Amino acid sequence: MGAVQSGKTASMLAVIAKSLDAGIDAVVVLGGTRTVLWLQTWERLLAQVDTHENRHLRRVMLPTASPTNIAEDGMRPGLYNLTSQQAKRAVANKRPIVVVAMKQVAHLERVAHTLREVVYPAVASADRPFRLLVIDDEADDSSIAENDLTTAASIQERQVPRRILDLWESRQRPGETAIKQLQATYLAYTATPQANFLQDQSNPLAPKDFVVCLRTPGASGNEERREPSYRVHEGVPGWYTGGDVYYKGPTGSIPLCMPTDTMPEAEQLQHAVRGYLVASALRLARAPGTPEPSWAAAQIFETSIDAKTAGGPVMSMLVHPSAAMNAHFETAEHLLEWSAGLGEGEGAALVASGQVALGVTGIVEDMDSQTHRWTQWLDNYNQSNEVVAALEGDAPTWPGLGWVDLRAKIVDEIVPVTTVAVINSDERSSDRPVFEPVQSDDGWRVAPNLSTIFVSGNVMSRGLTLEGLSTTLFTRTSDEPASDTQMQMQRWFGYRGRYIDVCRVLMPRLQIDLFRDYHETDVALRLQILDAMTDDEPAPPTVLQGRNYRATAKVRNVRGRALWPGATPFTTWLNPPDNDVDNQQAVADLFAEPSTVVDGRPTARGRLLDRSLTLLETADLLDVFTYPAVESGAVDPGAASRWKAVEQIAGIGTGDPHFPVFRMRLDTDPASWGAENPNNVAAYLRFWSLALERRVSAAFSTDEPPQRWSTIDLVARADEAPNFRVGLRFGPGDRVEKGPLAGIGFPVNGMERTVTESRLTSRWGARTRHADGTIWGDEFFDCYPTQLLPDLTPSRSRDRGTSGLLLIHVIQQENGVSLAPALSIPVGGPDQLHAIKENNGGG
């Protein structure tokens, strides 16, 4: 697990290089599902791993054609071909075979055919071990399967996972390699592994053997410890600028994410372009001695280094309007019309004719009529530069130019080399971005995308890096957002510390909040993986999601399971009376303290303990309750692992007073029962207590509506934390004559309730109409003496700041009584949603 644009490809190439050094026989890199990503990976491998002039003498490289030819010719029949003689020589001379393949069925079929029909026969003839390394880049994209891959239905449904397996596995002998000499390793890379963890675990590609979290350089962390980031000596210039920078700080009062809710749609685009051009002028002014880009773009240079130096910093802007391709072209047309001072509808002709250079006339007019909108960007960047300068490391310099000088630089040097590029799968769109100098017949020219405003959608939402990106306008929304898909859209992440003071993302406030929430769930997942990497018996990572978004849309039947057991959890499972003695003894010990009769007219309804219990005291009491005799029930074997995930996310370990959060006895059967389990409720109350002392990632409150826990005033919330009244509920049944409750000091009579197979058939009872006309029952047992209800939410839960209730029901059975604890819990506590994949039966 890497992070979005954090260097996963660099890690991947390093693994390949070290594997080749160690004598690996073949490497297959699955380089994305789109041509642009595939070619980007291929080019980087050629440029950074295999730089030897005579690489063909050292390895067999497939495809053999140059990336340019591949892009032009498409899927040629011989793209991955290898002759039998070439394969035999490679195997005999231990010359490794390196393949970079697009992750599409046709490409994977060709690669598998070459391996199985050409390479593996050569290996079998040589009769020596042959080691294959398959690296799956962006492994949550198309490599996910939801069902057993051996069934014909699922093979038809999802072809890519099966085609990946075909690279090494025998279809006749699932789980075995195609030939006995073959040893295969599958290594997956992704920044968003939610679907990988939640998919059907029968998929052989699901992570089982190991999971590693790649850390990123940042403002904090120790490189010797397993933490999400590690501190680097160069400070801000060396930081990975991800969610910690964009959504949490450290620019403090200068937010890098700017809400657009109050701006008309047309003004949003213009405002973002103004910010981009001012940012570009500042970046250019920081590079003294760099020729004017407008001059450099017209020159021919002897070397690529000369062209790169003359071109100066690459500068990019991204407009992400929607997934619809027509919207991309419409946005480009509006932009060209505005910048050139043209009328509405005239931009379409420019796009159609390929005239996509940014205009000057309209920009100059806008600078004259809307000067304050340009200078406010200058002021905003100046303020953020001062904030960044106070951070660690060499801060970006401030050029000290006023608006007049910057205006001239924008008009004369930047606008003339700025183009608008639509990048999508439409045949009218531009080619993939090129940020490096290009060679022509007479020399080298500066990068074609030296200064570019990209308009794109899904093509830009995964894997493709935009160099020099400073400004992003994100207007896209989703009716059913999924965190993994939308996290991949954050192209503004990366290593932008050298100019982070002029980086801005403009989007609706709701989208900013969503991205902030995604970041918190992302951190929570990383913390679990890092903890598991040093755990002798690691639990599978728990994937979190939110109230208003899913963890992934790639896997069906995924729902969120809350830690909050609900407002009125009730334990309906009962022990036989003879097996309930320990529970009754704990209650008898507690009610040896002073208590008050709750009158039921004409018989006592029960007793109410005079003192209240704190969150932790209530949790400790609930943890005393055990149900060792229950033979069946709503088994939830994942409860212990979910609470372990909570501990990892919150940093709770041995020695902490809250550890362990979940304290169910190991001899209890079944393992857990979800919300029915009193130990699960106890764990929640303990979680509530610890969340009042520290910020818990990816948590929100149970208020109506919920609030993000990271924004809550913990001091005020601690003052509102509930204490719990404890009640003992009687009924008209037999008086208890034996066991701990018989000597409690007051008569106890059992409740006559229907019990079927050791389980109550109903929960809260005794609902009656009260003097004020309202109808309520035992969930407000503590209110009977006063006949006054606490403040309630619209759903009739106890409101934040009110007291809670633990009511212990004394249930009449054939040969005695058994206890059933239930609670009425106020809202206002913390919660998390743990993504759970349900089976077809809904379990």
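Residues numbered from 1 in each chain as written. Predicted model: local features only at pLDDT ≥ 70, side-chain atom pairs only at ≥ 80, totals over all residues. Heavy atoms only, no water.

Caption draft 1: Here's a closer look at the overall build of the protein. Regarding its fold elements, the protein presents 25 helices and 29 strands. Across the 843 residues of the protein, 55% fall into the buried class. In the protein, of all internal contacts separated by at least 6 residues, the share reaching a separation of at least 24 is 73%. When the accessible surface of the protein is split by element, carbon and sulfur atoms take 48% of a total near 35,200 Å². Averaging the positions of the 80 positive and the 104 negative side-chain charges in the protein gives two centres separated by 4 Å. (Helix = DSSP H or I, 4+ residues; strand = E, 2+ residues; numbered from the N terminus. Buried < 20%, exposed > 50% of the residue type's maximum accessible area, 1.4 Å probe, protein only. Contact = heavy atoms within 4.5 Å. Areas by Shrake-Rupley, 256 points an atom, 1.4 Å probe, with all protein chains shown as cover. Lys, Arg positive; Asp, Glu negative; His and termini not counted. Charge placed at Lys NZ, Arg CZ, Asp CG, Glu CD.)

Caption draft 2: The arrangement of the pairing of strand β15 (residues 504-507) in detail. Burial of β15 is two-sided: the residues Arg 504 and Leu 506 facing one way and the residues Val 505 and Met 507 facing the other way are all buried. Bridge count for strand β8 (residues 257-259) against β15 is three bridges, and the pairing is parallel. Each residue of the ladder has a partner; that of Met 258, found in β15, is Leu 506. (Pairing = 2+ DSSP bridges.)

Caption draft 3: Layout of the environment of Ala 188. One can find Ala 188 in strand β5 (residues 182-188). Here Ala 188 falls in the partly exposed class, since its relative accessible area comes to 34%. Separated by 393 residues in sequence, Ala 188 and Val 581 place their C-alpha atoms 53 Å apart. Beyond its immediate chain neighbours, meaning those up to four positions away, Ala 188 contacts Asp 136 and Ala 139.

Caption draft 4: Representation of the packing of aromatic side chains in the model. Taken as a whole, this structure holds 26 aromatic pairs when the rule is applied. A centroid spacing of 6.5 Å and a plane angle of 75 degrees characterise the contact between Tyr 120 and Phe 130, whose relative ring orientation is edge-to-face. Here the residue Tyr 120 occupies a position in helix α6 (residues 105-126), and Phe 130 occupies one in strand β4 (residues 130-136), the gap between them amounting to 10 residues. Accessibility classification places Tyr 120 together with Phe 130 in one group, the buried group. With 6.1 Å between their ring centres and 35 degrees between their planes, Phe 730 and Phe 746 make a pair best called tilted. Of this pair, Phe 730 sits in the loop between β21 (724-729) and β22 (755-756) while Phe 746 is found in the loop between β21 and β22, placing the two residues 16 residues apart along the sequence. Of the two residues examined, Phe 730 and Phe 746, each falls in the buried class. Grouped by ring-pair contacts, the aromatic residues Tyr 240, Tyr 246, Tyr 247, Phe 474, Trp 492, Phe 493, Tyr 495, Phe 515, Tyr 518 and Tyr 549 constitute a single cluster. (Phe/Tyr/Trp six-rings, centres within 6.5 Å; stacked < 30°, edge-to-face > 60°.)

Caption draft 5: Looking closely at the pattern of salt bridges. What the rule picks out here adds up to 38 salt bridges. Residue Arg 611 pairs with Glu 617 through a salt bridge whose shortest N-O separation is 3.9 Å. Taking the relative accessible area as the measure of exposure, Arg 611 reaches 34% and is therefore partly exposed. When salt bridges with common partners are traced through the structure, they connect Glu 109, Arg 162, Arg 163, Asp 166, Glu 169 and Arg 171 into a single cluster. (Salt bridge = Lys/Arg side-chain N within 4 Å of Asp/Glu carboxyl O.)

Caption draft 6: Spotlight on unusual backbone geometry. The peptide bond linking Leu 62 to Pro 63 adopts the cis configuration, its omega dihedral lying at 0 degrees. Along the chain, the position of Pro 63 falls in the loop between β2 (60-62) and α4 (67-73). A cis amide bond links Phe 659 with the next residue in sequence, Pro 660, at an omega value of -15 degrees. Along the chain, the position of Pro 660 falls in the loop between α23 (639-650) and α24 (678-691). Here Glu 138, not a glycine, exhibits a phi torsion of approximately 55 degrees, which is positive. Relative to the assigned elements, Glu 138 resides in the loop between β4 and α7 (152-157). What makes Glu 138 buried here is its relative accessible area of 6%. Positioned with a positive phi, Ser 758 is a non-glycine residue whose angle comes to about 65 degrees. Assessed through its relative accessible area of 36%, Ser 758 is described here as partly exposed.

Caption draft 7: Representation of the nonpolar core. Counting residues in each nonpolar core, the largest one holds 81 residues, and the members touching the most others are Tyr 246, Leu 277, Ile 410, Trp 492 and Met 507. With 10 residues, the single largest contributor to this core is helix α11 (residues 265-285). Apart from residues no more than four positions distant in its own chain, Tyr 246 is found in contact with Thr 241, Leu 256, Cys 257, Trp 492, Phe 493, Arg 496, Ile 500, Cys 503 and Val 505. Listed in part, the 57 residues of the second largest apolar core include Leu 46, Met 102, Val 134 and Val 160. (Core = buried A, V, L, I, M, F, W, Y, C linked by side-chain atoms within 4.5 Å.)

Caption draft 8: Representation of the packing of α11 against helix α18 (residues 403-414). One can describe the packing of α11 onto α18 by two numbers: an axis separation of 9 Å at closest approach and a directional angle of 95 degrees. The angle between α11 and α18 falls in the class roughly perpendicular. The segment α11 lies against α18, with Leu 277, Val 278, Ser 280, Ala 281, Leu 282, Leu 284 and Ala 285 engaging Trp 403, Leu 406, Lys 409, Ile 410, Glu 413 and Ile 414. A breakdown of the residues in the contact of α11 with α18 according to their chemical character gives 10 nonpolar, one polar and two charged. (Axes fitted to C-alpha atoms, helices over the stretch in contact; angles between N-to-C directions. Parallel < 35°, antiparallel > 145°, perpendicular 65-115°, else oblique. Nonpolar A, V, L, I, M, F, W, Y, C, P; charged D, E, K, R; others polar.)

Caption draft 9: Representation of the sheet that holds β21. Strand order in the open sheet formed by five strands is β18-β19-β21-β26-β27, and the pairing between neighbours is mixed. In this open sheet, the two edge strands, each paired with only one partner strand, are β18 (595-599) and β27 (816-824). If you compare each strand with its neighbour and ignore which way they point, the axes differ by 25 degrees on average.

Caption draft 10: Helix α5 (residues 84-92), seen in detail. Those residues of α5 not exposed but buried are Ala 87, Ala 90 and Val 91. Along α5, the residues classed as buried sweep out an arc of 95 degrees about the axis, all on the same side. Contacts made by the buried residues of α5 are with β2, β3 (97-101), α6 and β4. At the C-terminal side of α5, Lys 94 shows a positive phi close to 55 degrees. (Arc of directions from axis to C-beta.)

Caption draft 11: Fine view of the packing of α23 against α24. For the pair α23 and α24, interaxial distance at closest approach is 12 Å and the crossing angle is 10 degrees. For the element pair α23 / α24, the angle class is roughly parallel. Only Asn 680, Ala 683, Tyr 684, Phe 687 and Leu 690 of α24 make contact with α23, whose side of the interface consists of Ala 639, Trp 643, Val 646 and Ala 650. Each residue belonging to the contact of α23 with α24 can be placed in one class, and the counts come to eight nonpolar, one polar and no charged.

Caption draft 12: Up close: the confidence of the model for the protein. Across the protein, the average pLDDT comes to 89, with 92% of residues at 70 or higher. Across residues 147-157, confidence stays below pLDDT 50; counting only partners more than four residues off in sequence or on other chains, it has 20 contacts. Confidence drops under pLDDT 50 across residues 668-672; counting only partners more than four residues distant or on other chains, this segment forms 16 contacts. (pLDDT = per-residue confidence, 0-100.)

Caption draft 13: Main features of the sheet that holds strand β9 (residues 315-320). The parallel open sheet is built from six strands, whose spatial order is β8-β15-β14-β9-β13-β10. At either margin of the open sheet sits one strand with a lone partner, and together these are β8 and β10 (418-423). The mean inter-strand angle of the sheet, taken between neighbouring strand axes irrespective of direction, is 15 degrees.

Caption draft 14: Main features of the pairing of β27. Within β27, nine of the nine residues are buried, leaving the element largely enclosed by the surrounding structure. Residues of β27 alternate between two faces, with Gly 816, Ser 818, Ala 820, Ala 822 and Ser 824 on one and Val 817, Leu 819, Pro 821 and Leu 823 on the opposite face, all of them buried. Inspection of the sheet shows strand β26 (residues 804-813) paired to β27 by nine bridges, in the antiparallel sense. Across the sheet, Ile 808 pairs through a bridge with Pro 821, a residue of β27. The hairpin turn running from β26 into β27, its antiparallel successor, is two residues long.

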